[in-house]
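Here are the chains, one letter per residue:
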Amino acid sequence: MTKTVTCTCKDVPFGSYLESDLRTPQGVLILKSGTYVDEYVKVQLENYMGEITVTLDIADEVVQGTKVKEDNIVELEQDVKDRVLQGVEYMYSNPTSADSVDAARETSSILLNSINQNNGVNISINSLKVSDDYTFKHCVDVATMGMLVAKKVGMNDKDVQDIATAGLLHDLGKVEIPKEVLNKPGKLTNEEFDMIKKHPIYGYNLVKNNNKLSEGTKQGILMHHEKIDGTGYPLGVKTSKIHRFGRLLSVVDVYDALVTKRPYRDDMIEQATAIEMLLGMSPQFDVNFLNAFLGCVILYTIGTKVILSDGKVCEVVAQNKCYPLRPVVREIITNELFDLLHDTSCLNVTIVSHV
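Nothing here was measured: the structure is a model prediction, and the numbers come from that model.

Participant: Any chance you could break down the sheet that holds strand 8 (residues 328-331) for me, citing the residues and the numbers?
Facilitator: What holds strands together in a sheet is hydrogen bonding between their backbones, with the strands either parallel or antiparallel. Taken together, five strands build an open sheet; the order of strands is 9-8-7-6-10 and the sheet is antiparallel. Each edge of the open sheet is held by one strand with a lone partner, namely strand 9 (337-339) and strand 10 (351-354). On average, adjacent strands in this sheet sit at an angle of 40° to one another, irrespective of strand direction. With three bridges connecting them, strand 6 (residues 305-308) and strand 7 (residues 313-318) associate as antiparallel partners. Note that in strand 7 the partner of Lys 305 across the bridge is Glu 315.

So, in structure tokens, the structure goes:
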């Protein structure tokens, strides 16, 4: 549910939205109504002297000692996973075949139908696994998460399916990279990294003349490593010059690459750490797609036992939208509730592990 509060600048909660325009005493616009309050906006508000009214999404009412509601996480049935895996294996085994595009379209359609029938709106990376093979798992993860983010921002079913197809095919160009480079356990040389950075172009060249794919899908494949600040590759373009499919896919691609075990990396980065890293990289991402992703990713599902930095052992009982690192928790021993996002007593408290 939503709640409207009036507060001073230092008390404006993260994840809220400005109810009205903020202006200087001279009438100069500082921030527009509807602005999402993140770390950057909080800095802009530091010297604002007046009261600020904001709206925020808060967890549904929590009944002491009980769970709030289910997380509505997307779950892929085993037969869906089997069919999707079969399609992905075919695509990457036959990258130059026209049939590989048909397989991608059919596979994305299977995913879209599954999600539409599933009623799930949230993402838990642990629920998507289709294979132990990094390439296959990564492609399905990116496609599925991309679809959910696309739905979150209001794209129609055609665009959602096109996003999924781009996600399935986004690394197709890696078939042109020698396996000893792709799977190299040590640090890549500059020449090897330059080779890796060409895989979006290789992938685009494999599909650019196929009229069964939308231009958006092709641009998503080409631009999934571009960054808003121009530091991406292979084109190094900025902001609006990056196709929106590329801007969306870059968010989910980076997240999944951080949390998925690779042939050359035995340790998987914890999902919470990956979210923190993603937030630290926020200038590289389209803020609308990043916030949409944060709005549907679930790190600590309801019922998960967690340990807080102050030593308390708690159970997760509710989610705070767009803040997956800071849910509502209930202490196991005392039944006391702590909203890690909105309770002022919890500002310096974090989840350090789950059990």
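On we go.
Participant: Residue-level account of helix 12 (residues 287-296), with values.
Facilitator: Counting along an α-helix, one turn takes 3.6 residues, and residues three or four places apart therefore face a common direction. Most of helix 12 is tucked away: eight of the 10 residues are buried. Among all positions in helix 12, only Phe 289, Leu 290, Asn 291, Ala 292, Phe 293, Leu 294, Gly 295 and Cys 296 are buried. Summarising the contacts, the buried residues of helix 12 are in contact with helix 4 (134-152), helix 10 (244-259) and helix 11 (271-280). A distance of 2.9 Å separates the backbone nitrogen of Asn 288 from a side-chain oxygen at the start of helix 12, and that oxygen is part of Asp 286.

Participant: A description of the environment of Thr 53 should follow, citing residues and the corresponding values.
Facilitator: Within the element layout of this structure, Thr 53 appears in strand 5 (residues 52-57). Taking the C-alpha atoms as reference, Thr 53 lies 5.6 Å from Val 5; in sequence the two are 48 residues apart. Apart from residues lying up to four places away in sequence, Thr 53 is in contact with Thr 4, Val 5, Thr 6, Tyr 17, Leu 18, Glu 19 and Ser 20. Here the side chain of Thr 53 touches Thr 6 through a polar contact of 3.0 Å, side chain to side chain.

Participant: Mind laying out the pairing of strand 6, listing which residues take part and the relevant values?
Facilitator: Side chains of strand 6 alternate between two faces, with Val 306 and Leu 308 buried and Lys 305 and Ile 307 left unburied. Counting the residues between successive antiparallel strands, the hairpin from strand 6 to strand 7 contains four residues, one of them, Gly 311, with a positive phi of roughly 95°.

Participant: Before we move on, can you summarise the packing of aromatic side chains with the specific residues and values?
Facilitator: Tallying each qualifying case throughout the model produces three aromatic pairs. Judged by centre distance (6.2 Å) and plane angle (80°), the ring pair of Phe 193 and Tyr 233 falls under edge-to-face. Within this pair, whereas Phe 193 is found in helix 7 (residues 190-196), its partner Tyr 233 is found in the loop between helix 9 (215-223) and helix 10, the two being separated by 40 residues in sequence. We classify Phe 193 as partly exposed; its relative accessible area is 37%.

Participant: Which residues make up the environment of His 199, and what values do they have?
Facilitator: Mapped onto the elements, His 199 comes out in helix 8 (residues 199-207). By relative accessible area, which is 1% here, His 199 ends up buried. Between the C-alpha atom of His 199 and that of His 225, which follows or precedes it by 26 residues, the distance is 9.9 Å. Look past the residues within four positions of His 199 in its chain and what remains in contact with it is His 170, Asp 171, Gly 173, Lys 174, Ile 177, His 224, His 225 and Tyr 233. Side-chain polar atoms of His 199 contact the side chain of Asp 171, separated by 3.2 Å.

Participant: Before we move on, can you summarise the pattern of salt bridges with the specific residues and values?
Facilitator: Evaluation of the coordinates by the stated rule reveals 12 salt bridges. Asp 162 is the salt-bridge partner of Arg 105, the closest N and O atoms lying 2.8 Å from each other. Residue Arg 105 is found in helix 3 (residues 98-118), and its partner Asp 162 is found in helix 5 (residues 157-169); the two are separated by 57 residues along the sequence. Look at Arg 105 and you get partly exposed, because its relative accessible area is 24%. Judged by its relative accessible area of 2%, Asp 162 falls in the buried class. Of the charged contacts in the structure, one is a salt bridge between Asp 141 and Lys 137, with a shortest N-O distance of 2.5 Å.

Participant: Break down helix 8 for me, citing the residues and quoting the values.
Facilitator: Buried residues of helix 8: His 199, Pro 200, Gly 203, Tyr 204 and Val 207, and no others. In a view along the axis of helix 8, the buried residues occupy a sector of 140°, so they form one face of it. For helix 8, the elements touching its buried residues are helix 3, helix 7 and helix 9.

Participant: Can you explain the confidence of the model for the chain? Please cite residues and give values.
Facilitator: Per-residue confidence for the chain averages 87 on the pLDDT scale, and 92% of its residues sit at or above 70. Element-level pLDDT for the chain is lowest in strand 1 (residues 2-7), with a mean of 74, against a maximum mean of 98 in helix 9. pLDDT under 50 marks residues 63-68. Its contacts with residues more than four places away, or in other chains, come to 15 contacts.

Participant: So, the packing of helix 4 against helix 5: which residues are in play, and what are the values?
Facilitator: Interhelical geometry of helix 4 versus helix 5 gives an angle of 160° and a closest axis separation of 7 Å. The angle between helix 4 and helix 5 places the two elements in the roughly antiparallel class. Along this stretch, helix 4 crosses helix 5, giving a crossing that reads as right-handed. Of the residues in helix 5, those touching helix 4 at Cys 139, Val 140, Val 142, Ala 143, Gly 146, Met 147, Ala 150 and Lys 151 are Asp 157, Val 160, Ile 163, Ala 164, Gly 167 and Leu 168. The residue makeup of the contact of helix 4 with helix 5, split by class, is 10 nonpolar, two polar and two charged.

Participant: Pulling in residues and values, what's your account of the side chain of Asn 320?
Facilitator: Note on placement: Asn 320 falls in the loop between strand 7 and strand 8. A polar atom in the side chain of Asn 320 sits 2.9 Å from the backbone oxygen of Arg 326. For Asn 320, the side chain forms a polar contact with the side chain of Asp 339, separated by 2.9 Å.

Reading guide: rules and limits
- Residue positions are given per chain, counting from 1 as you read along its sequence in written order.
- Owing to the predicted nature of the model, reporting of local features is limited to residues with pLDDT of at least 70; listing and counting of side-chain atom pairs is limited to 80 or more, with chain, interface and lining totals taken over all residues.
- Excluding hydrogens and water, the side-chain figures rest on all heavy atoms present in the structure.
- At least two DSSP bridges between two strands are needed for those strands to be called paired.
- Numbering goes from the N terminus for both helices and strands, where a helix is a DSSP run of H or I of at least four residues and a strand is a run of E of at least two.
- Whenever a helix is involved, its axis is fitted only over the stretch in contact; in every case the axis is a line through C-alpha atoms, and angles between N-to-C directions fall within 0 to 180 degrees.
- Only protein chains enter the area calculation, which uses a 1.4 Å probe; residues under 20% of their type maximum are buried, those over 50% are exposed, and those in between are partly exposed.
- In this description, contact between two residues means that some pair of their heavy atoms is separated by no more than 4.5 Å.
- Identification of polar contacts relies on pairs of N or O atoms within 3.5 Å, with a donor-acceptor requirement for protein atoms, meaning one able to donate a hydrogen and the other able to accept it, and with residues adjacent in sequence counted only if both atoms are side-chain atoms.
- Stacked, tilted and edge-to-face are the three classes assigned to paired rings of Phe, Tyr and Trp, where Trp is represented by its six-membered ring and a pair needs centres within 6.5 Å; plane angles under 30 degrees give stacked, over 60 edge-to-face, the rest tilted.
- Any Lys or Arg side-chain nitrogen found within 4 Å of a carboxyl oxygen on Asp or Glu counts as a salt bridge.
- Arc, as used here, means the arc of the directions from the helix axis to the C-beta atoms.
- Values of pLDDT, which run from 0 to 100, indicate the predictor's confidence residue by residue.
- With respect to orientation, any angle under 35 degrees is reported as roughly parallel, any angle over 145 as roughly antiparallel, any angle of 65 to 115 as roughly perpendicular, and every other angle as oblique.
- With the far helix as reference, a near helix turned anticlockwise by less than a right angle produces a left-handed crossing, and one turned clockwise produces a right-handed crossing.
- Three categories are distinguished: nonpolar for Ala, Val, Leu, Ile, Met, Phe, Trp, Tyr, Cys and Pro, charged for Asp, Glu, Lys and Arg, and polar for the others, with Gly belonging to the last.

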